[in-house]
Amino acid sequence: MSVRALWIISHEKGENVSIRFTRRFATVEHRAKSLAGSSYVAVPEDYSVLHLLLTEMGLSDSDKYYVALRDDCLHRQRSPALELRVDGPGKGILWPVLAISHGPLTLACLPIVDAPAEPRPPLASLLSVSQGLTLLAGLQTFLLGSGGKPDNEGLASRLAILPSVLLQVCPLGTPLDVPLLGAPATSTVPTPAGSQKQPAWKTGLHRGRAVVNVALKETVRSMQYGDRSRQDLWDVYGTVTCKCEVEGMLPNVTVTLTLPPNGSPLQDILVHPCVTSLDSCILTASSVDNCDGSAFSGPYKFPFSPPLEPFRLCSYTSQVPVPPILGSYQLREEENQLRVSVTLKLHESVKNSFEYCEAHLPFFNRDQMGVVDVKVSSGQMDVSKEKNLLVWGLGQKFPKSREVTMEGKISFSGPTPGPTDPICTELTAYIKLYFKVPDMTLSGCCVDQHSVQVYSSAKPRIITSRELQSKEYFIWNSTGTAPVSSGPMML
Amino acid sequence: MEENWAERISAFSHSPSRFLSGTTAEAFLAELLRELRDDRASYCVKVLLLSPLCEHPTLLCPSDSVGEETALELMSVLDQCPPKFVQFRCHLLLALTAVLVCTSCVSLRSRAFQDFLDLLLQMAQDTGDLQGDGALRSLRATACDCLRELEACSPGLLSQRLELLGGLRQRETSRLHQAYAGLHALVLRNAVYRLTQDAGAGAEHLKALLGGHTSVAWEAELDSGLMSDKDPSAILSYLVLGPMGTVPTLQTGPDCKELRSVLSSLLEESYLLTPLCQAALLHRLTEVVAMVPGVPPAVFRAQLLRLLGTSEVCLLHSTLLLKCAFTDSLFSAEDEAFILQRLVVLSQHPLLSAPEKLFYTDCLLHFPENRPIGCGGDGDESLPVLLTPRLASALAPTVFNDSATGLARFNLLSLVYLEEAEEGEGEESRGLAYLYQHLAALLRVVANGGNRQVVVTFFRAAFLFLSYFCHVERYCRSLTEELCELYLRHTHLAPHVINLADQVQDKLAESDWAVGFLRALQGVIAEAPPARLTLRDLSWHLKTLARVAEEGEIPQHSTVRFLSSVTAPSPSSPCAGGDWRLGNGLLGVCRRLLVHPSLDSLLIPLADVLQHLTRRYGDTDIRDHARLYYTLLTTLSREKLAGVLARGSAEGGRQVKKRSLSCIMAESEGLASALTIHQTEKSIFRLIEARSEPQGETQTDEVSDLNLNETFPAEANAALEEYRAQFDVPGFASEVTLNYQLTHLDGDSRFDQLFSIRLHFSLTDDHYEELGDVSVPRLLRGRPSPEVRLRLKPRRPYPTTLHASAVFTTQDGLSWFTVLPHVHVAFRQAFAPLPAPPGWGLGGRLGLFQGLWDEMSAEEQDDCATSLLCCQLKEVALTALVEKHFLPYLMSDLTDEEEFKVLFFLPPRSHVLLKIRPGDPVHFSVATDNWQLLRHLNSYLLTITSSQEHTGL
C-alpha cells in the first residue's frame, strides 16, 4: 500500500521536458525487492524514467511519424497503469506506473506490488494502485492551485514546499492524506483535550458564527442530431458543495435534497467520506439500470460531520424527460457559400432567465469567412476575430415565443484557410451552446434552507443556492453525418 | 554555499551514478555528515542534506558497518538538535529509518537499530510534545510512521508491544490517533500471521498477545521466529489472493472476545481517518479477519453502506477487496449486482478523472464475483456474469473518447459481444455492428487527417477488433477494403499498415486475414496509375510491396509488373531522378522477390527490372547493387541464391524496426553480411611462441657425433674463405624461422570453429623484409593448436614487433576480420646456428670460430667490437645456463669445462662470438662483427644470467 517513487515532470506536448520533482522511497524499494525476489526490477535513474515514460505516453519523438516502441498496434496500454520497459543491466518491466496529466504537468508514481509477482496480478487486486491514484490526484490539485490552471510562479512556489508537504502526507512512501489547499480561511483553534477524538481530516476547530453554505449545481450535456433515425441524447448530473463553519469537534449536520412530487429519482449518488451514514434506498437508483417506477424519490438525507474546508457533499445524475433547449441546425452547400438555418427552442419548464446564453457555430476545413449575411430573430451575431466562428449571443432571455431562429448565407472567401478538424469535414458541423441559468435545476432537485439541520448550540446562518449550466451541449447539422455511429448509446 | 548544496543534491538525486563518478560515495557521505554536524549550516539546508540518505541509503552506505556508523552519527546529530527544529528532526527520523532498514541493521538487530527503536518507542509515548502547533506534523506522528515502516519491513518486530500500541491509540484524542491506528493494525496483522505459522497456537496465545501477557518463553520463540522465515515475501504480500487462494488460518474457536473488541474499536473509529488511511486500515483488518475464522466477516457490515456510496476511489477499492476476501459471507447477490452497476456507472462518471474511470473499467474485468465460474484468475480478463450487453452499452466507445479510454471500452465491449455472439448462435449481433461502425468512424477520422494519436488509436482498435472477431468474415473483408482505401489516400500510413499485418499474423495464428490483407494491398498498389505517383507515395508503396513479397503464398507477378512500370524509362517517372533512397526501396523489393518461392516464374521480368536499374538508374551505388542482384539471379542456382539471401532475413528480418538513414541499408543487410567481412570487437586468437626449434637439435647431433670422414680446411683463413664463399649465393642463410602456435583467446563461442584463416603481418620498422601471408586451414577450440612458421628475413637482426591481423570464416559462413595481439620478436629469436658448409665437423667449426674471433679482435676492423661481461655464477648454474640457452650454438664440446665457445649467427651476415670462462666471476668475452648488436646482447646476457642466478642459487 505504498509507492516506490514519485515523479513530477513538465513538458509541452513532449518537448521541453523537465523533471520538476522526484522522490524515491528507499524503505518501500527495500520491501519491493524482497517481495519480487528474482523478478525484481530496480527503478532506473530519473533521466531514463523520463524517457521511458514519455515513450509510453506516446509523447516521445513527436517529430517522427511512426516509432515501433511507441506506436505498435499490439501495445495497448492498460492504462491507468503503464509499463516501462527498462533496458540495460537492470533489464525488465517496471509496472504498474501510474501517470496523470493536466496540461503541461504530468505526475507519476510506482506503487508497490504486494502480491506474488508472477503471473502478474490484476491491477484491481493491488490497493496501492488506488492509493497511488488518490495521492497523484491530490498532489495535482495542490500543484495546480485553486485556479486549476498551472501558472509558472505558483507552480514553482508550490513545488518548493512539496518536501514539507510530503513529510505530512506521505513521509515514507505510504500515502496518509492528500495535501490541503492552503490553510482554511476561518479562524481555527488548537484542539482542547477532551474525550471526543478529533478526525484526522480536520486540522482544527472553527470558532465564531456558524454559517452553512450549500450550493447545488446541475450540469446538462446533450447531443442533438435532428434526425429521426438517431435518438437525441442528453443527461444531467448534479453536485452539492458545502462549506460549513460550525463549532465543535464532531458537529452533526444534515442536508436534505428534495424532489418535486413527480420528479424522477436521483441516480448514481456518490457521497463524501464525511457522510456518517446512508440509507440503502438512497443508493439503489442507477442510470444504467432499468428505471423502476416505484423507486425511492426522496427526501434524500445526508447526515455528516463537516471538514473545515469546502467539500463536495454528494453528486447524482438524473434522467429528465426533455432537454432544456432543443435545437435544429441545417447547412446546405450552395455554390461557394453555405446556407445556414438554425432554430433553438427553450423548453417551457426552464426558467427564461439566463446568466448568459451563447451559441457558437465553428467552421472547419474551410477558408476564412468572407461575407456573412445572416439574420437572427433575437440576440446579437458576432464573427470571431479569426473569422472561423459565429458567436450568437442570446442575452438573458429568449423572446416570449421561447423560440429563436437564424437564417442566412456565409461565403468562405477569406484569404487564408481556417482551422482544420478531422471530425468536422464537409457538412459535419455543430453548434455548441453555452448557458447558465441561476436558481433552477432541471431535475427539480433542491435544498430547502429549513431542511438543513445543525446540531449545535448556536443557530447557524444557512445559505443555499442552485444553478444549471451546460457542458458539451452539441447540436449537429442534420444534413451532414454526425460522428456518432449508431444505437441508443450514451455520450 | 547553500545554493551550491541545493544544486549538488539535485544533481545527485537525478543521477546518482553520474554524480558519484565525480567523487566517491564515501567522500560524499563524509561531506554530508560533516555539514550536518556543522552548527553554522541552516536547518533548511540540513533538511536538504538528508534527502540523499533518505532516497539512496544503499548507495551511500554500501555495507552494514557503514550503515551502522552513519546511523550512530545521525543519532548524535538528532541528540544535539534543539527541539524547536521539528521538521529537521522529523526528516532525521526518516533518514535513520531508511539507512537502518536498507543496510541490514534492522534484520541483524544491530546496536544502532536497538537504540533507534527504543528512541522511537519513547517518542511515541511522549505525549508532552508540541500540543499547540497543529499545522506542524509532530515528531510523535513521524515516530509512529517510522515504527510502522520498521514493522512493515521487518514483520513481527513489534508484536510484543501490541498491547502498548493499542493503549496509546485508544488514549489519543488528537489527530495523531490516525498514526497509532495504522501502526496498531499492521502490528496486529503481523502478530496474527505469526501465530498462524505456529502449529500449536490457538485462542490462548491470541488472547495473551492482545493482553500483553506473553510469557517469556514465547517471546523468545517469537524473536527467533523473526529470523527463520523461509520466504520473507510471503508475509510482506497481501494475504488474501482471491477466492481461489488459501489464507493461513488460526483456529481459535468462536470465542475471540478480545480480538473482536479490538477490531470493532478500530472499525468504529475508522470514520475519523482520512480516506487513504481508512482504506489501508480496512485492508489490514480484512487480512486479520480472513486469518481468524472465529471472527465473522460481519464485523465489517456496519461500515458497508457508507463505503459503497463513497466517491473515494481507494475506499471503494478496499470494499472490492473486502468482497474478494469474503464473497457471499458478507455480500448478498443483490449487493453484488449493486456493486457491479456502481462500477459501470463509475467507469463513465462525468465527475471522475480519466485514470479513475480506467481503473474502474479494469475492476470490471477483474470483478470479484461471489461464485466465480472457473478459476480464470491470474491476471486474465474475464467478464462478470452479471455484466449484460445492456448494462455494458453504457460503456460504448465514441470518437470523442481519449485514446486509452476508447481502447479500454472497445476491449470491454468486444468481450461482451463476443460472449453474446457465442450464446446467440447465428444471430447478427447489433453490438458487433456497433463496434464495427465505431472502428469505421475512427477510420474516417484518420482518413480526414486525424493526428498521430488518433492514427495509433485506430490501428490498436483494429488489432483488437481482429483479435476478437477475425472469424466474422463479413467485417474482416470490409475492414480490408476500407484499410486499402485508407492506405491509398494516405500512403504514409504504410508502417502502421505493415505493423498491423505483422502483428495479426504473429498473434492470431488461426487467422489468414493478414495474408488476404497484404494481397489486397498489392492489388490496389498495382492498379494505381504509375504516372500519378509522387516520389513519397512510391517509396511507401515499395515498403509495402517488400512486406507483401515476404509472403510465399502471394503471387508476385503484379509486383514485378509494378516495378517494371515504375522503372521503365519515362521523363515523368519518379525513378528518373535517381534518388538513392528510392533505389534502395526498389532493391528491397527485388531482394525479397529473389527468395520468393515463385521466383522461377518471375525470372525474366525480374531480370529485366534489375537490368534496367543496372543500366539506367541515376545512382552508382544502386546500379552496383542492382548489378550484383542481377548477377546473383542469373548465375546462382535457386538453392544457392536462397542460401545467400535468406540468412539476412532470418537474422535481421522484420526485427529491424529503427528507421534511421543507416538502417535503410538493412534492406540488403542479409546479403551484406553474407558477402562482406565483419570485424570482431575483440581479438579472437593469438600467436604464442612454440618450444625451442628442432633445427638446433640436428646441429648438436652432428656435433656430438664426431664425423670421422669430415673434410675441412686446415687453416683458419682457408676455412673463413670457404665459409664466406657460401654467401655469394643470393639468399643464402638469410632467414630465421620462428615457430608459433595459433591459440584461441577466451571468449565468444561463435568463434569456436574457424576455417581458412589467413594471417597477415605488417612491420613496425625497417629492420626486416616484408613478410608473406600465412594460411592456417582451421582452428578448433579444444583441439591441438596449429603451428605457424614465420620466416623472417632480417635486414638488421634487431628485436622488433609485428602487427598481425587475420581474415577467417566461421562455421555459419560469415567472413571476419580480426586483429591479433602484437607479436614481439626478441633478440634471441634472430639467432641462427652457424651455416657451416655441409660436411664440416667440430674441427672445421672450431677453426672458423677461431678465424672469426681473431679477425674481430683485430683493431682495424670498422664494425667489429669486443666486450667483456662478468657475473657471479656457480659452476653448476653455468653449465645449466649453457645447456639451456646456448646448446644449439655451442662450438666447443659441452664436456670441455675450461671454456665454452658459442657462436650466434644472425642473418643476413652478423656474428656474435662468446668465450665463456668459468670461475669467480664467470667471464663472458664477446666479439662481434656488428658492434650495434652489443647493447641487445648485453641485455640478453643480463637477462639469462640473472634468471639463472635465481634458479641456480
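Reading the values: the criteria
- Residues numbered from 1 in each chain as written.
- Chains lettered and ligands numbered in written order.
- Predicted model: local features only at pLDDT ≥ 70, side-chain atom pairs only at ≥ 80, totals over all residues.
- Helix = DSSP H or I, 4+ residues; strand = E, 2+ residues; numbered from the N terminus.
- Buried ≥ 20, exposed ≤ 12 C-beta atoms within 10 Å, placed from the backbone.
- Contact = placed C-beta atoms within 7 Å.
- Pairing = 2+ DSSP bridges.
- Axes fitted to C-alpha atoms, helices over the stretch in contact; angles between N-to-C directions.
- Core = buried A, V, L, I, M, F, W, Y, C linked by C-beta atoms within 7 Å.
- Left-handed = near helix turned anticlockwise from the far one by under 90°.
- Nonpolar A, V, L, I, M, F, W, Y, C, P; charged D, E, K, R; others polar.
- Domains from an automatic or database assignment.
- pLDDT = per-residue confidence, 0-100.
- UniProt positions renumbered as here; feature names shortened; annotations may be inferred.
- Parallel < 35°, antiparallel > 145°, perpendicular 65-115°, else oblique.
- Arc of directions from axis to C-beta.

**A closer look at the overall build of chain B**
The secondary structure content of chain B amounts to 40 helices and 13 strands. Burial status across chain B gives 42% buried among its 953 residues. Residue pairs at least 24 apart in sequence account for 71% of intrachain contacts in chain B once pairs closer than 6 positions are excluded.

**Focus: the overall build of chain A**
Scanning chain A from N- to C-terminus turns up 7 helices and 24 strands. The principal-axis extents of the C-alpha atoms in chain A amount to approximately 70 × 65 × 45 Å. Going through the 491 residues of chain A one by one, you find that 42% of them count as buried. Taking all contacts inside chain A whose residues are at least 6 apart in sequence as the whole, residues at least 24 apart take part in 73%.

**Topic: the sheet that holds strand S17 (residues 372-376) of chain A**
Residue and element names in this part refer to chain A. Spatially, the 4 strands line up as an open sheet ordered S14-S15-S20-S17, and their pairing is antiparallel. Strand pairing shows two members of the sheet lacking a second neighbour, strand S14 (325-334) and S17, which therefore form its edges. Ignoring which end each strand starts from, the neighbouring axes of this sheet average 10° apart. Bridging between S14 and strand S15 (residues 337-346) involves 10 bridges; their strand directions are antiparallel.

**Describing the nonpolar core**
Counting residues in hydrophobic clusters, the biggest one holds 331 residues, and the most contacted among them are Val97(A), Ala95(B), Val99(B), Leu100(B), Ala462(B) and Cys590(B). It is helix H24 (residues 452-469) of chain B that contributes the most residues to this core, 13 residues altogether. Not counting the four nearest positions on each side in its chain, Val99(B) is found in contact with Leu53(B), Pro57(B), Cys61(B), Gly67(B), Thr70(B), Ala71(B) and Leu74(B). Leu852(B), Tyr889(B), Leu890(B) and Val912(B) belong to the second largest nonpolar core, which has 61 residues in total.

**Regarding the packing of helix H6 (residues 64-80) of chain B against helix H8 (residues 111-125) of chain B**
Axes are the key here: two packed helices are described by the angle between their axes and the distance separating the axes. Residue and element names in this part refer to chain B. Running from N to C, H6 and H8 cross one another at 35°; their axes reach a closest spacing of 9 Å. As for how H6 packs across H8, the hand of that crossing is left-handed. In this structure, H6 uses Glu 68, Ala 71, Leu 72 and Met 75 to contact H8, whose residues at the interface are Ala 112, Asp 115 and Phe 116. Tallied by class, the residues present in the contact of H6 with H8 amount to 5 nonpolar, no polar and 2 charged.

**Things to note about the domain arrangement of chain A**
The domains assigned to chain A are domain 1 (3-169), domain 2 (211-219 + 230-319 + 444-465) and domain 3 (325-439). Taking only C-alpha atoms into account, the centre of domain 1 of chain A sits 36 Å from that of domain 2 of chain A.

**Regarding the confidence of the model for chain A**
Summary statistics for chain A give a mean pLDDT of 88 and a share of 93% for residues scoring 70 or more. Across residues 485-491 of chain A, confidence stays below pLDDT 50; counting only partners more than four residues off in sequence or on other chains, it has 19 contacts.

**Thoughts on the domain arrangement of chain B**
Under the domain assignment, chain B is made up of domain 1 (1-101), domain 2 (152-170 + 177-214 + 257-295), domain 3 (554-675), domain 4 (685-828) and domain 5 (829-952). The centre of domain 2 of chain B, based on its C-alpha atoms, is set 94 Å off from the matching centre of domain 5 of chain B.

**Re the UniProt feature "domain: AP-5 complex subunit beta-1 N-terminal" (unreviewed entry) in chain B**
Sites flagged by UniProt as "domain: AP-5 complex subunit beta-1 N-terminal" (unreviewed entry) map to residues 30-100 of chain B. End C-alpha atoms of residues 30-100 of chain B are separated by 17 Å, and the span's content is 80% helix alongside 0% strand.

**Considerations on the sheet that holds strand S16 (residues 356-362) of chain A**
Residue and element names in this part refer to chain A. The strand order across the open sheet formed by 9 strands is S11-S13-S9-S8-S24-S21-S16-S19-S18, and the pairing between neighbours is mixed. In this open sheet, the two edge strands, each paired with only one partner strand, are strand S11 (267-271) and strand S18 (380-383). Across the sheet, the mean angle separating the axes of adjacent strands is 15° when strand polarity is ignored. With 5 bridges joining them, S16 and strand S21 (residues 430-438) adopt antiparallel strand pairing. Within S21, the residue paired with Tyr 356 across the bridge is Lys 436.

**Notes on the interface of chain B and chain A**
Residue-level contacts link 114 residues of chain B with 98 residues of chain A. Among the elements that make up the side of chain B that touches chain A, the one with the highest residue count is H24(B) (9 residues). Grouping the amino acids of the side of chain B that touches chain A by side-chain chemistry returns 55 nonpolar, 44 polar and 15 charged.

**Observations regarding the packing of helix H27 (residues 513-527) of chain B against helix H28 (residues 535-548) of chain B**
All names here are of chain B. H28 packs onto H27 with a crossing angle of 140° between their chain directions and a minimal axis gap of 10 Å. Comparing their axes, H28 and H27 come out oblique. Judged by the twist between their axes, the crossing of H27 over H28 is left-handed. For the pair H27 and H28, the contacting residues are Leu 518, Leu 521, Gln 522 and Ile 525 in the first and His 541, Thr 544, Leu 545, Arg 547 and Val 548 in the second. A per-class count over the contact of H27 with H28 returns 5 nonpolar, 3 polar and 1 charged.

**A short note on the environment of Thr743(B)**
Within the fold, Thr743(B) resides in strand S3 (residues 736-744). Once residues within four sequence positions are removed from consideration, Thr743(B) is found in contact with Phe685(B), Arg686(B), Ile688(B) and Ser785(B).

**Re unusual backbone geometry**
Excluding glycine, a negative phi dihedral is what most residues carry, and trans is how most peptide bonds are arranged. Residues Trp95(A) and Pro96(A) are joined by a peptide bond in cis, for which omega reads -5°. With respect to the helices, strands and loops of the structure, Pro96(A) is situated in strand S4 (residues 92-102). A cis amide bond, omega 5°, links Pro907(B) with the succeeding residue Pro908(B). Within the secondary structure layout, Pro908(B) lies in the loop between strand S11 (900-906) and strand S12 (910-917). The phi dihedral of Thr327(B) falls on the positive side, at around 35°, and the residue is not glycine.

**Details of helix H29 (residues 557-567) of chain B**
Residue and element names in this part refer to chain B. Among all positions of H29, only Thr 559, Val 560, Phe 562, Leu 563, Val 566 and Thr 567 are buried. When H29 is viewed along its axis, its buried side chains cluster within an angular range of 155° and face the same direction. In this structure, the buried side of H29 is in contact with H27, H28, helix H30 (580-594) and helix H31 (599-616).

**Regarding the pairing of strand S19 (residues 389-393) of chain A**
Put simply, side chains in a regular strand alternate between the two faces of the sheet. All names here are of chain A. Residues Leu 390 and Trp 392 line the buried face of S19, whereas the alternating positions Leu 389, Val 391 and Gly 393 sit on a face that is not buried. Note that S18 and S19 share 4 bridges and pair antiparallel. Looking at S19, one finds that Gln 380 is bridged to Gly 393. If you look at the hairpin formed by S18 and S19, you'll find 5 residues sitting between the two strands, and Lys 387 has a positive phi there, around 60°.

**Re the environment of Phe732(B)**
Residues and elements named next belong to chain B. Mapped onto the secondary structure, Phe 732 falls in the loop between helix H37 (716-725) and S3. Here Phe 732 falls in the partly exposed class, since 14 other C-beta atoms lie within 10 Å of it. For the pair formed by Phe 732 and Pro 908, sequence separation is 176 residues and the distance between their alpha carbons is 8.2 Å. With near-sequence residues (within four places) excluded, Phe 732 lies in contact with Gln 726 and Phe 727.

**Overview of the confidence of the model for chain B**
Residue and element names in this part refer to chain B. Per-residue pLDDT for chain B has a mean of 84; in total, 88% of the residues score no lower than 70. Predicted confidence for residues 649-667 stays below pLDDT 50, and this span has 16 contacts to residues more than four positions away or in other chains. What the predictor reports for the complex is a pTM of 0.79 with an ipTM of 0.95.

**Focus on the environment of Arg76(A)**
On the secondary structure map, Arg76(A) appears in the loop between helix H3 (68-71) and strand S3 (81-86). Once residues lying within four places of it in the same chain are set aside, the contact partners of Arg76(A) are Leu407(B), Arg460(B) and Leu464(B).

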